[in-house]
Amino acid sequence: MTVRRLDPVLVDRIAAGEVIERPAAAVKELVENAIDAGARAIAVTIAAGGRELIRVVDDGAGMTPDDLALAVERHATSKLPDGDLFAIQSLGFRGEALPSIGSVARLSIETRRRDAAQGVGLVVEAGEKGVLRPVAAAPGTRIEVSDLFIFTPARLKFLKSDRAEAQAVTEMLRRLAIAHPEIRFSLSGEYAGAFDWPAEPIGEEGLLRRLGRALGRDFPENALRIEAEREGFRISGFAGLPTFHRGTSAGVHLSVNGRPVRDKLLLSAVRGAYADVVPSDRHPVLFLDVGCEPRAVDVNVHPAKSEVRFRDPALVRGLVVSGLKAALAAAGHRATTTGGARTLDAFRAVFSAGGGPSIPRPAFPATPAWQASEPWPDASGWQPSHPAAPAQSGFSDFAASSADARAHLAEPSADALDRPLGAARAQLHETYIVAQTREGVVIVDQHAAHERLVYERLKAERARNGIARQPLLLPEVVELGPVDADRLIAAGSELESLGLVLESFGPGAVLVREAPSQLAGGNLQRLVRDVADALAEHGTAGSLERRLDHVLATMACHNSVRAGRRLRPEEMDALLREMEVTPNSGQCNHGRPTYVELKLADIERLFGRR
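Residues numbered from 1 in each chain as written. Predicted model: local features only at pLDDT ≥ 70, side-chain atom pairs only at ≥ 80, totals over all residues. Heavy atoms only, no water.

1. Some words on the overall build of the chain
Then, in step 1: A tally of helices and strands in the chain yields 18 helices and 25 strands.
Then, in step 2: For the chain, buried positions account for 46% of its 610 residues.
Then, in step 3: Nonlocal contacts in the chain, meaning residues at least 24 apart in sequence, comprise 68% of its contacts between residues at least 6 apart.
Then, in step 4: For the chain, the exposed area adds up to about 30600 Å²; of that, 53% sits on carbon and sulfur atoms. (Helix = DSSP H or I, 4+ residues; strand = E, 2+ residues; numbered from the N terminus. Buried < 20%, exposed > 50% of the residue type's maximum accessible area, 1.4 Å probe, protein only. Contact = heavy atoms within 4.5 Å. Areas by Shrake-Rupley, 256 points an atom, 1.4 Å probe, with all protein chains shown as cover.)

2. Considerations on the nonpolar core
Then, in step 1: Counting residues in each nonpolar core, the largest one holds 57 residues, and the members touching the most others are Val31, Ile42, Val44, Val145 and Phe185.
Then, in step 2: A per-element tally of this core places helix 6 (residues 162-179) first, with eight residues.
Then, in step 3: For Val145, the residues in contact, after removing those within four places along its chain, are Leu30, Glu52, Leu53, Ile54, Ile101, Ala105, Arg106 and Leu107.
Then, in step 4: The next biggest cluster of nonpolar side chains, apart from the first, holds 39 residues, and it includes Phe93, Leu224, Ala239 and Val256. (Core = buried A, V, L, I, M, F, W, Y, C linked by side-chain atoms within 4.5 Å.)

3. A few points about helix 9 (residues 313-330)
Then, in step 1: In this model, helix 9 (18 residues) spans 26 Å end to end at C-alpha, consistent with the 26 Å of a helix rising 1.5 Å per residue.
Then, in step 2: All of the buried residues along helix 9 are Leu315, Val316, Leu319, Val320, Val321, Gly323, Leu324, Ala327 and Leu328.
Then, in step 3: Against the buried residues of helix 9 lie strand 10 (223-230), strand 11 (233-240), helix 8 (264-274), strand 16 (286-291) and strand 18 (309-310).
Then, in step 4: Phi for Gly332, located one or two positions after helix 9, is positive at around 60°. (Expected span 1.5 Å × (residues − 1).)

4. With respect to the sheet that holds strand 16
Then, in step 1: One open sheet accounts for five strands, arranged 10-11-16-13-14; its pairing is mixed. Where the open sheet ends on each side, the last strands, each with one partner, are strand 10 and strand 14 (259-261). Pairs of neighbouring strands in the sheet enclose a mean axial angle of 20°, with direction left out of account.
Then, in step 2: Here strand 13 (residues 252-256) runs beside strand 16; their pairing, made up of five bridges, is parallel. Bridge pairing in strand 16 places Ser255 opposite Asp289.
Then, in step 3: Sheet contacts for helix 7 (residues 204-215): strand 10, strand 11, strand 13 and strand 16; angle to strand 11, the most-contacted strand, approximately 50°. (Pairing = 2+ DSSP bridges. Axes fitted to C-alpha atoms, helices over the stretch in contact; angles between N-to-C directions.)

5. Some words on helix 4 (residues 97-104)
Then, in step 1: The buried fraction of helix 4 is high, at eight of eight residues.
Then, in step 2: Within the span of helix 4, buried status applies to Ala97, Leu98, Pro99, Ser100, Ile101, Gly102, Ser103 and Val104.

6. A few points about the pairing of strand 16
Then, in step 1: A large share of strand 16 lies buried, amounting to six of its six residues.
Then, in step 2: Burial along strand 16 is two-sided: the residues Leu286, Leu288 and Val290 and Phe287, Asp289 and Gly291 are all buried.
Then, in step 3: Two elements, strand 11 and strand 16, share six bridges in a ladder whose sense is antiparallel. When the bridges of strand 16 are listed, Ala239 appears paired with Leu286.

7. A closer look at the packing of aromatic side chains
Then, in step 1: For the structure shown, the criterion picks out three aromatic pairs.
Then, in step 2: Of note, Arg155 hangs over the ring of Phe149, and the distance from its end group to the ring centre comes to 5.6 Å.
Then, in step 3: One Lys or Arg, Arg225, reaches over the ring of Phe238 and ends 5.0 Å from the middle of that ring. (Phe/Tyr/Trp six-rings, centres within 6.5 Å; stacked < 30°, edge-to-face > 60°. Lys NZ or Arg CZ within 6 Å of the ring centre and 35° of its normal.)

8. Points about the sheet that holds strand 25 (residues 595-599)
Then, in step 1: Strand order in this open sheet of four strands is 19-20-21-25, and the pairing throughout is antiparallel. If you trace the sheet from one side to the other, it starts and ends with strand 19 (423-428) and strand 25, each paired once. Sheet twist, expressed as the mean angle between neighbouring strand axes with direction ignored, is 20°.
Then, in step 2: As paired elements, strand 21 (residues 440-445) and strand 25 share five bridges and run antiparallel to each other.

9. Here we look at the pattern of salt bridges
Then, in step 1: All told, the structure shown has 37 salt bridges when counted by the stated rule.
Then, in step 2: The residue Lys459 makes a salt bridge to Asp276 at a minimum N-O spacing of 2.6 Å. Here Lys459, found in helix 12 (residues 446-465), pairs with Asp276, found in the loop between helix 8 and strand 15 (283-284); they are 183 residues apart in sequence, far enough to count as distant. Side by side, Lys459 and Asp276 carry an identical accessibility label, which is buried. (Salt bridge = Lys/Arg side-chain N within 4 Å of Asp/Glu carboxyl O.)

And the structure:
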């Protein structure tokens, strides 16, 4: 077979396969062009998931007739004035979108510059360019794409349902809208998650309002401001609290110089920053923008421009991880406000549902409470012949609180009530601490909270001068499987830095010589077995620090206040005070919340008092 030059239309269709693989990609290219044109309002309409119609209307700069005629030619663009691919400051730059779309669909463009008396229109169909014609048009550009992939039927077979394609368009437009809060975005069409978000003022407040619209109204009050800079790179945005997490990574929004990306390096950095505070099967919610000089990043490494390559990837990853970790640590004991809301919703469901769970009720005495005490004789000296019922005898079936911190025995100090976690008032089921604040009630999971406190203490010790060790008067032998024993001995130097000194003691056994002082008196047999399991689970993947943190978390779990242990009032208060000054104490080592807060106003509404 001889080599031949491909037909230009066929070349465009091949390019369209790389750039326009689905309707969402076409919408992305058109909306990016609108943003580059300086638009302050962009309206998108789709039909049949974008397969039958895509309409993008903007109020940007518009085009002259000469510009429009050239814009639908391959590799024609206004965004590389000096031809420097390493100084790209726009979202689009290849000049492929319009000719690629025009080769696989019917493309209609109407545009007008603000200083022009009238607009100009052009139609491209199956790669054939029509003639320019005058049109009545508002300043800006209006583009309609109809019958996408009609000239490449094979591509239509690979599209998903109209609903799935519409949802992809919605998600793509949401990401662009988050990265550019200063622009008004609207979307309409069947199956699309229709929205109309007004333009927000430039700055933190405007960005947070846009994030509230995109990520949920609960996000702003559960978000942390992120701001960090290092060697020409800067990150800015908002990140959700660790307990404000979701089941997929759809809530992770990233951009580089205003360009939304799904970059593997940045996603890995986000996972690394949250690894210590979010469950492994959950994902944080955040928006981060990485800003840098255009020459410090290559945006021309992916057909869809969804990935980038940084000049110094290690620097960027370190900046993202350290910036997020610093903000999370500064948040201290903060937990999401949604925890209390979910608790109240559960109460409402029980109270309002006729078929709710059955709550056992004690058998109250038939005698009214006001007659329960011994009655006074009347003037005639008569008294009832029946014996009086003991006062409040119907409540005898209820168990008393685990700790004797009731209000009538120990009035909380004003200072304690003003604290974020309040004053301890009782312990329920020997597991949960109930505290009172000025504004409501706090319920603390004592084991989860103390587990995080011990973990943070161990990490702080390791960072300062190594974890303090305590030699055992009688070294303890732990029997294990041969593989687990070998794994522990191989990690001996790592474990020694964590205060656990082990020696081989024959096949399938280790000898514990020293243990961390914080864990003195604990169950070393169980600790060593759990450390072996942690090493097996974590393997050799990841950095040494992550492996050490994983083992430390396992150790911390063993020295924590267990559920079922009765605490004295002063112990409960001490736990609350330490939580208030400990980083990340709003969630345990496994990412579960350590406490929920119920506002007094919400409790009053629950009982119909408001």
